[in-house]
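Structural characterization, general
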Amino acid sequence: MEILWYFCGPALVSFLLQYFIGNRTKHKIWRHIPLYFFLLTLIFAIVASKADPGFVIGGNIMAAFIWIIIGICVLLGYMLAILARKIRK
């Protein structure tokens, strides 16, 4: 059940932010809010991959992989909001 929060949660938040704020605003910087979150997850993935693995060998690579998957879920929510806007028009 926790895996739904990790992966579907960011997609849902991204969808809601883009649908209710990004699609309706006139300011260019606010139009693509989820893309900023995607870039932030990529930065976290890079930092995690460069970190000390600790006790488990490859733990940092697994953490970077999880951050990349979360970023993909954010992009999925963003794309669904854009698609919903196109269908609604």
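Residues numbered from 1 in each chain as written. Predicted model: local features only at pLDDT ≥ 70, side-chain atom pairs only at ≥ 80, totals over all residues. Heavy atoms only, no water.

1. Remarks on the confidence of the model for the protein chain
Cut-off, in case you're wondering: Confidence scores here are pLDDT values: one per residue, from the predictor, ranging 0 to 100. A run of H or I in DSSP becomes a helix once it reaches four residues, and a run of E becomes a strand once it reaches two; helices and strands are each numbered from the N terminus.
Summary statistics for the protein chain give a mean pLDDT of 87 and a share of 100% for residues scoring 70 or more. Mean pLDDT across the secondary structure elements of the protein chain bottoms out at helix α1 (residues 2-22), with 86, and peaks at helix α2 (residues 33-50), with 92.

2. Structural notes on the state of the cysteines
How we decide: Any two cysteine sulfur atoms lying within 2.5 Å of each other are counted as a disulfide. Using a 1.4 Å probe on the protein chains alone, a residue whose accessible area is under 20% of its type maximum counts as buried, one over 50% counts as exposed, and one in between counts as partly exposed.
The final tally for this structure, using the stated rule, is 0 disulfides. Cysteine C8 shares no disulfide, and the gap to the nearest cysteine sulfur, in C73, comes to 6.6 Å. Of the residues examined, C73 reaches a relative accessible area of 13% and is grouped as buried.

3. Thoughts on helix α3 (residues 59-88)
Counted only if it meets this: A helix is expected to reach a length of 1.5 Å times the quantity of its residues less one. Note on contacts: a residue pair qualifies if any of its non-hydrogen atoms lie within 4.5 Å across the two residues.
Between the first and last C-alpha of α3 there are 44 Å, a value that for 30 residues agrees with the 44 Å anticipated at 1.5 Å per step. Of the residues making up α3, those classed as buried are N60, A64, I70, G71, C73, V74, L75, G77, Y78 and A81. Residues of α3 that are buried in the fold lie against α1 and α2.

4. Observations concerning a positive patch on the surface
Threshold: For patch building, the residue pool is restricted to those with more than 30% relative accessible area and no salt bridge; the joining distance is 9 Å between like charges and 5 Å between nonpolar side chains (Val, Leu, Ile, Met, Phe, Trp, Tyr). To be clear on the numbers: accessible area is Shrake-Rupley with a 1.4 Å probe, and residue cover counts the displayed protein chains and nothing else. We define a salt bridge as a contact between a side-chain nitrogen of Lys or Arg and a carboxyl oxygen of Asp or Glu at a distance within 4 Å. In this tally Asp and Glu are treated as negative and Lys and Arg as positive; neither His nor the chain ends contributes. One atom stands in for each charge, and that atom is NZ of Lys, CZ of Arg, CG of Asp or CD of Glu.
A surface patch of positive charge is lined by K26, K28, R31, R85, K86 and K89. Summarising the element assignment, K28 is placed in the loop between α1 and α2.

5. Thoughts on the packing of α1 against α3
To keep things clear, this is the line we draw: Axes, fitted as lines to C-alpha atoms, cover a helix only where it is in contact. Angles between the N-to-C directions of the axes lie from 0 to 180 degrees. Throughout, a crossing is termed right-handed when the near helix is turned clockwise from the far one, and left-handed when it is turned anticlockwise from it by less than a right angle. Residues are sorted three ways: Asp, Glu, Lys and Arg are charged, Ala, Val, Leu, Ile, Met, Phe, Trp, Tyr, Cys and Pro are nonpolar, and all the rest, Gly among them, are polar.
Orientation of α1 relative to α3, taken along the N-to-C sense of each, is 35 degrees, at an axis distance of 7 Å. As α1 runs across α3, the sense of the crossing is right-handed. Note on element contacts: α3 touches α1 through I66, I69, I70, C73, V74, G77, Y78, L80, A81, I82, A84 and R88, opposite Y6, F7, P10, A11, S14, F15, Q18 and Y19. Tallied by class, residues from the contact of α1 with α3 come to 16 nonpolar, 3 polar and 1 charged.

6. Describing a nonpolar patch on the surface
Judged by side-chain polarity, L12, L16, F20, I21, I29, W30, Y36, L39, L42, I68 and I72 come together as a nonpolar surface patch covering roughly 1000 Å² of accessible area. The set of elements that each furnish at least two residues to the nonpolar patch consists of α1, α2 and α3. Considering every element that reaches the nonpolar patch, the biggest residue donor is α1, with 4 residues. Looking at where F20 falls in the secondary structure, it is placed in helix α1.

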